[in-house]
Every structure is written in structure tokens, then in C-alpha cells.
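# Results of the structural survey
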Amino acid sequence: MKKIDLRSDTVTRPTAAMRAVMAAAEVGDDVFGDDPTVNALQEKMADLVGMEAALFMPSGTQSNLCALMAHCARGDEYIVGQNAHTYKYEGGGAAVLGSIQPQPIENIEDGTIPIAKIKAAVKPDDSHFAITKLIALENTIGGMVIPERYMAEVSRFAKEASLGMHLDGARLYNAVVKSRRSAKEICAYFDSVSVCLSKGLGAPVGSVLCGSNTLIRRAKRHRKMLGGGMRQAGILAAAGIYALDHHVERLAQDHENATKLATALANIGALSLQMPQTNIMFVDVPVGDIAALQAHLNARGIVAIVGARTRIVTHLDVTVQDLDRVIDAFASFYRVRGSA
Ligand SMILES: *Cc1c(COP(=O)(O)O)cnc(C)c1O
């Protein structure tokens, strides 16, 4: 029985066609700048987002950290959402390794952080305070697309206040496909962007950080210091190029699948959820059902982390047929439950 893994879009395996381009990739030592495939990926990505330069990174976490360290020095501060990956899910790396103070602000329901609160959090030039340098946003966040109006307004304020703007665009292309805006249009509001190739785009490893030549030069020093200088990384970069060429438009299918699944789950009276905008949904499961539902799904080859707020993610390796199996599994659990 095929396992259906709904935990994350990081679980995708490279397709046969992707493996073929990886096997055939021309490579060199990228620490010397010699890997033609890495160079091609970096040029392609910089071009796609409309920035001067790009740097291939082993992970999104390292990519965001290098960006934060390139924008901020020791004792500087970045303003960030309380639920943002760079603040909440990266081991506190900015503080631990960058000596950068985060100034978290509570995200509201649409994933944004209120502009009035951003403005109020910027510190005056006074030796009591850390030096505010950067605003970091995330798009998509929790599967939600950040409104363009909002990004424009934050960007306008950042310019007035001489602050940098970083985008954690781990799922930038989910936002691109959903909002029908180009990567360039979305990234125009930012000085740097980190894009994950290893999420819905389906590459096995890697992220790309983009920004100005100056910012990327700084980030490259940090990447080396953090142990992220890779050698014949063209094998991985080839997967990234393939993903950008072949796996962007198909994200619409993941979004459609998520909507279909969410609609079916919402019809089960016991579960409540918001309709997903992209490929991620959060399902409220009654606490008394958690253990039994977890076992029920596992027994049917469905891998999910069931909790009071269960995150379900659709991706390249979840087919339309798989969805029917998932829907049947939830439905049969609640049929039995309902008649008990
Ligand atoms: C996954 C993710 C990252 C980090 O990527 P890794 O490659 O797992 O380190 C950063 N930001 C967001 C929003 C993510 O979803």
C-alpha cells in the first residue's frame, strides 16, 4: 500500500526526470565558484525575482539566517511576526549565531502583522535600545497569501524609516500561482528573498537567497562561516533548475487538491477548519478523537501528525486518487464514531 504523507510538502521525492537531470549535471567546486550548474541556478533565480544576485543554500533556515546576518550586525534588531519561521522555527539562530535581537509582533488572522504595531516597534536612536534595521515578512505564511497592498504599505514605511525588507519566500511560488502575480512583482517590495526548492517545488535539497550584489557578497561570507559552502553542488542545483522549469504551474493542482480535501473534511460534522488558500490547512480535531484518529489513519497508510490543530499539506506526491483514500479514511473513522 502506497504511503500518503500529509505532514509537509518537504516529503516529496525527486521524480525520475529530476533524477535524470541530476545525474547528468555538469559540476565543479562551488566554493571556488566553478560549478556551472550552481551558477546557472543562481542566475536564473536572481532573474526570476528581479534582483542582482543569488546564492544557493543548503537549507531555508541557513538562507534566512545568512540574510538576517547580512542585513543586521551584532546588537541590531529585526521586526518579525510571532508565527514567522525565522523567529519561531529556526532554533533562535538569529539571536544565537547572529547576536541579532528579534522584535516579534503577534500575527493577526490573515497572517500579517499590523503596520501600526510595526511602526510603534521601531526604536529611537537612543543607547537604551537595540538598533532597528530590518522588517522580515513571510509569504505564504501558514498557507495564506499576504495581500499585495499590505506588502506595498510596509515597504513604503520601510523606505521612509531606512529599514531593510526581507521576505521568507519558502513558499513564494505558492503565492505566485495563487495570486497570479509574478515572483518579480511580489519581490519588488523586498531587498532580499529566500526561496525553498525543497518544499512544494519538489527538489530534494536547497534554497536560494537573492538580493543586491553587496548583500549576497556578505551572505556568502556568512554561509561559509556557517558551514554551508558546498563543493560539487551542481547535482542539487540541477534539481532546482528542473523544479523551477517544471514544478511551478502544477502547484495549482496542490491548491485544488487542498480545497477538495478541506471541503470533504468540513462536511464531517466533528471537524472544523478554514478553507485553505494554497496547499496547507489546519483541522481542529476534538481532543478525545486524537489518539484513535491517529491510529486509524496510520493503519490505512496515511502519515499525519494528528493533534488538536492538525496541519495537513498537499504536494507533488499526493495524487487525486490518494485524496480519495484520505477522504475515505476520515469518513470511515467518523461513521464508526458517529454510530458508537
Ligand atoms: C521550511 C521553511 C523554512 C526553512 O527551510 P528548511 O530548508 O527546512 O531549513 C523557512 N521558512 C519557511 C516559511 C518554511 O516553511
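Residues numbered from 1 in each chain as written. Predicted model: local features only at pLDDT ≥ 70, side-chain atom pairs only at ≥ 80, totals over all residues. Heavy atoms only, no water.

## A closer look at the packing of helix α2 (residues 36-49) against helix α11 (residues 234-246)
At a minimum axis separation of 8 Å, α2 and α11 run at an interaxial angle of 35 degrees. Judged by the twist between their axes, the crossing of α2 over α11 is left-handed. Note on element contacts: α11 touches α2 through Gly234, Ala237, Ala238, Gly240, Ile241, Leu244 and Asp245, opposite Thr37, Val38, Ala40, Leu41, Lys44, Met45 and Leu48. For the contact of α2 with α11, a count of residues per class yields nine nonpolar, three polar and two charged. (Axes fitted to C-alpha atoms, helices over the stretch in contact; angles between N-to-C directions. Helix = DSSP H or I, 4+ residues; strand = E, 2+ residues; numbered from the N terminus. Left-handed = near helix turned anticlockwise from the far one by under 90°. Contact = heavy atoms within 4.5 Å. Nonpolar A, V, L, I, M, F, W, Y, C, P; charged D, E, K, R; others polar.)

## What to know about the site of the ligand
Around the ligand sit Ser59, Gly60, Thr61, Asn64, His85, Glu90, Glu138, Asp168, Ala170, Arg171, Cys196 and Lys199, and those are all the residues in its vicinity. Arg171 is positioned with one of its side-chain polar atoms (N or O) 3.0 Å from an oxygen atom of the ligand. The pocket occupied by the ligand, as judged from atoms lying within 2 Å of grid points, is the largest pocket. Of the residues in the shell around the ligand, the class split is two nonpolar, five polar and five charged. (Near = heavy atom within 4 Å. Polar contact = N/O pair within 3.5 Å; in protein donor to acceptor, adjacent residues only side chain to side chain. 1 Å grid on protein atoms, 1.4 Å probe; cavity = no way out; pocket = protein on both sides within 12 Å on 5 of 7 lines; lining within 4 Å. Sits in = over half its atoms within 2 Å of the grid points.)

## A few points about the pairing of strand β3 (residues 76-81)
Counted residue by residue, β3 has six buried out of six residues, so it is predominantly covered. By the bridge criterion, five bridges tie β3 to strand β4 (residues 101-105) in an arrangement that is parallel. Looking at the pairing, Tyr78 lines up with Pro102 of β4. (Buried < 20%, exposed > 50% of the residue type's maximum accessible area, 1.4 Å probe, protein only. Pairing = 2+ DSSP bridges.)

## Structural notes on the layout of surface pockets
In this structure, the largest pocket occupies an estimated 1000 Å³ of space. For the largest pocket, the lining is made up of 39 residues, of which Ile141, Gly142, Gly143, Phe282 and Arg309 are closest to its centre. Elements with a minimum of two residues in the lining of the largest pocket: α3 (60-71), α4 (85-88), β9 (272-273), β10 (280-284) and β12 (309-313). With four residues, β10 is the largest single contributor of residues to the lining of the largest pocket. In terms of residue class, the lining of the largest pocket is built from 12 nonpolar, 16 polar and 11 charged. Residue lining of the second largest pocket: 13 residues in total, with Asn39, Gln42, Ala54, Ile216 and Lys220 positioned closest to the centre. (Points joined across faces, edges and corners; volume = space filled by probe spheres on them.)

## Brief notes about the sheet that holds strand β8 (residues 207-211)
Pairing is mixed across the open sheet formed by seven strands, whose spatial order is β2-β8-β7-β6-β5-β3-β4. Where the open sheet ends on each side, the last strands, each with one partner, are β2 (53-57) and β4. Strand-to-strand, the axes of this sheet are offset by a mean angle of 20 degrees, without reference to chain direction. Taken together, the five bridges between β2 and β8 define a ladder with antiparallel strand orientation.

Any functional reading would require information that these geometric values do not contain.
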